[in-house]
Amino acid sequence: MSIMDIARTALRHVPDALVPGAKPSPMRGQHGQIGAPVSRLDGVLKVGGAARFVSEVPMEEMLYAALVHSTIAKGRIATLDTAAAEAAPGVALVMTHRNAPKMRAPQAFGQGSGVAGSNLPIMQDDAVHWNGEAIALVLADTQAQADHAAALVSVTYDASPATIDFDAARADAQHPKSILGEPPVLDIGDAEKALAAAPHKVDLRYTTPRHNHNAIEPHGATVRWDGDTLILHDATQMLNGTAATVADVFGLKPEQVRVLSPFVGGGFGGKGLWSHQILAAAAAKLSGRPVRLSLTREAVYRLVGGRTLTEQRVGLGADADGRLTALIHTGVTSMTSHNNCPEQFTFPARHLYAAGSFHLEQHIAEMDMLANTFMRAPGESIGTFALECAIDELAERLGIDPIELRRRNEPTEDPTSGNAFSSRHLLKAYADGAKRFGWERRNATPSSRREGEWLIGMGVATATYPYYRMPGAAARIEMDASGHATVAIAGQEMGMGTATVQAQHAADRLGLPLEAVTFEYGDSALPAGVMAGGSAQTTSILAAVAAASDELIGAFVKLAGNDSPIAGRRADELVARDGGLARADEPSAHESYASILARAGRSSLTVETAAPKPVETMKYSMHSYGAQFAEVGVNAVTGEVRVRRFLGSFDCGRILNPKTATSQFRGGIIMGIGLALMEETLFDPRTGRVMNPSLAEYHVPVHLDVPEIDVIWTDIPDPHTPLGAHGIGEIGITGTAAAIANAIHNATGRRLRDLPMTLDKLL
Ligand code: MOS
């Protein structure tokens, strides 16, 4: 089981008393940092150039690495001539399978505690597993020398037949063993029969292409060995998992690998453990010198997986009032035999609509390719494209407004698990969004609004993403003699505001001003964090910081003793404020942390505490929701699509920092615009090679593609989560492509069911 599996394991019937959030402990602090639009604490370092990214970490005597990539999808290396490269200027060595250190294959997600993207052995023999795999690594004194020498390596292959054509591979498609711990088939009633009998229905096919990760910071690793300890500077969203997995590869104890990653230039699911970190560590071992392996943009496409393709079917049957009698969502994705990422595109259909019957089923077609991986809302991003476009088509056939159709099918409990919703205010998100966006101005008749060459339309779709909280986080807090708290946890900051929000949280908990809190993160040697994935880091860490804060306050109550104004009071009779503790019933009875420490003759007080287990997810159906509103213009002459306005109206529990949250929602929506209109990895079915491995040919939205994006939220706390919060990192991308597709239909009368919706499909 992976940590994601554990995080969402759906046991039933957990008593209320075991759910930590059921009776939320009141916020102790009075400073109100939580909820304030605090600017990112790391922002100054980034805009000032002081933040050091992985490929900027300096080391003495460092060698630079360059890679040679395979050009066949499957087979063996027949000849490999490295002599010219070895003789080139500045070259220290060339590493191939012939001289690479012996290493175990990494454990992949779903295997033990592994987090690697794939469990293939790395440079251990002459086998080639995908087109683009690293088959040689050159070390030289400069990057230019390494790049030059890598071009001098000559290789020939014995190719063997490879499964690289999806249409051929899908003939043998199988069920995945599980989808994040859930079965690949879910049936309630006989949905096919109900669909056949339904008076109103749609039965539609959708396709979504492969996508590659294009975080602004390409992946890299800067490493050195300190005796038997590996110092791995990485750009990662999984510090502890990387340390444990890499340690296992080299036969070390986890504490012998220290992963450092204080600044990450975007993750989105792609900043995990791939072959480059392990190759860099192996090359450093072989050469006895520090090594930097900084992937080129092309190498990111060759070595780091992306989102897999899907072909999906959505069948919806409804009665005359629009009540769903059948909901069918099935389809096939491609995957490899060496990873475990089946892309859970049917998950939204499990909980969005109160249908009379369900048939949800996923298949995978195994292919010889780079392992696919998580990419912002894996599953939900593209699953909502199909489902929410089909709902819009059904609404049109019924002659019912699409928001009204959703209202008529709003469930009162989770329609497939039967669990109570922990917090669900989707209809309020729709109502608020419709008002703000001016939905009543939409003409339901397609192609009825034109401004010059531009056909204008509006569309709407539901956004949804699960609430996960991962176990295993612990936080350390040290209060020093001056009353300054240092909160330490092996958390990750990819630019979303982790450090800022947790510092706000600790300040409130401990009754400190924000300046009196330091948040330490980005180092696997700190108390364990959780991976920054599944939009789960914030709530997982909140729980640890809350537990440690409570313990620290308890320790201060003890240390205060009998000579304090707070003497004789238990922790729950005190409030934390003004840099210390005060009696709740007598606020002037206050003593500062600094004073308590001084009287006790202590220079500091430190606690380390683990978060309580996340049992809330075992009892409730827990999700975030949103209503996405798009207005597009489609050029009647060229077919060009322009998103003119966009509004995301979200229901994601309590919003902890409106400024960082707005950026998260907007970023997700922008990535959704890319998903809708431009992103597509071109994969050659003859060679298995990615054909557009550059930002010149793989298009992502740029400033001129992105309109003003308005964001609002319900701000209704979930009573069952730490601070009432939900994760918000991924939901913005969900529903966005469907809202745009539905708007294109409203503008033009055309239904596009294949992403990306490029202009050629509209001509
Ligand atoms: Mo996310 S795709 O779990 O970084």
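See above for the structure.
This one's a predicted model, so the numbers in the text were calculated from it and none came from an experiment. In this convention, every chain numbers its residues from 1, walking through the sequence in written order. Only residues with pLDDT of at least 70 get local features here, since the model is predicted, and only at 80 or more are side-chain atom pairs given and counted; chain-wide, interface and lining totals rely on the full set of residues. The side-chain quantities take in all heavy atoms of the structure and omit both hydrogens and water.

**Considerations on the overall build of the chain**
Then, number 1: A run of DSSP states H or I qualifies as a helix once it reaches four residues; a run of E qualifies as a strand once it reaches two. Both are numbered from the N-terminal end. Within the chain, the regular secondary structure consists of 19 helices and 27 strands.
Then, number 2: Radius of gyration here is computed from C-alpha atoms only, and the compact-globule reference equals 2.2 Å multiplied by the residue count raised to the power 0.38. Against the globule reference of 27 Å for 763 residues, the chain gives a C-alpha radius of gyration of 27 Å, in line with a compact fold.
Then, number 3: Across its three principal directions, the C-alpha atoms of the chain cover 80 × 75 × 50 Å.
Then, number 4: We call two residues contacting when some pair of their heavy atoms lies within 4.5 Å. Pairs at least 24 apart in sequence give 81% of the contacts found in the chain among residues at least 6 apart.
Then, number 5: Per-residue accessibility takes into account occlusion by the displayed protein chains alone, with areas from the Shrake-Rupley method and a 1.4 Å probe. Only carbon and sulfur atoms are counted for the fraction: they give 52% of the accessible area of the chain, which is about 27,300 Å².
Then, number 6: Residues scored as charged are limited to Lys and Arg (positive) and Asp and Glu (negative), so that His and the chain ends carry no count. Charged side chains are reduced to one point each, which is NZ for Lys, CZ for Arg, CG for Asp and CD for Glu. Put simply, the chain has 68 plus and 83 minus side-chain charges, and the middle of one group is 3 Å from the middle of the other.

**Some details on the sheet that holds strand β1 (residues 63-69)**
Then, number 1: Strand pairing is assigned whenever DSSP identifies at least 2 bridges connecting the two strands. Taken in spatial order, the 7 strands of this open sheet run β3-β5-β1-β12-β9-β10-β11, and their pairing is mixed. This sheet does not close on itself; its edge strands, each paired only once, are β3 (91-95) and β11 (257-260). Averaged over neighbouring strand pairs, the angle between their axes works out to 20° when direction is ignored.
Then, number 2: In terms of strand pairing, strand β10 (residues 229-234) meets β11 through 4 bridges, oriented parallel. Bridged to His233 within β11 is Leu260.
Then, number 3: Whenever a helix is involved, its axis is fitted only over the stretch in contact; in every case the axis is a line through C-alpha atoms, and angles between N-to-C directions fall within 0 to 180 degrees. Taken strand by strand, helix α4 (residues 143-150) contacts β1, β3 and β5 (134-140), and its axis lies near 25° from that of β1.
Then, number 4: Its contacts with the sheet place helix α7 (residues 239-249) against β10 and β11, and it is angled at close to 145° to β11.

**Some remarks on helix α11 (residues 380-398)**
Then, number 1: Expected helix span is computed as 1.5 Å times (number of residues minus one). In this model, α11 (19 residues) spans 26 Å end to end at C-alpha, consistent with the 27 Å of a helix rising 1.5 Å per residue.
Then, number 2: The element α11 is largely enclosed, with a buried count of 17 among its 19 residues.
Then, number 3: Downstream of α11 by a residue or two, Gly399 has a phi angle that is positive, lying close to 70°. Burial here depends on accessible area, computed with a 1.4 Å probe over protein chains only, as a share of the maximum for the residue type. Under 20% is buried, over 50% is exposed, and the range in between is partly exposed.

**Considering the pairing of strand β17 (residues 454-466)**
Note on strand geometry: in a regular strand, side chains alternate between the two faces of the sheet.
Then, number 1: Counting buried positions along β17 yields 12 of 13 residues, so the element is predominantly enclosed.
Then, number 2: Between the end of strand β16 (residues 450-451) and the start of β17, which pair antiparallel, lie 2 residues, with Gly452 showing a positive phi angle near 65°.
Then, number 3: With 13 bridges connecting them, β17 and strand β25 (residues 623-635) associate as antiparallel partners. Across the sheet, Tyr465 pairs through a bridge with Ser624, a residue of β25.

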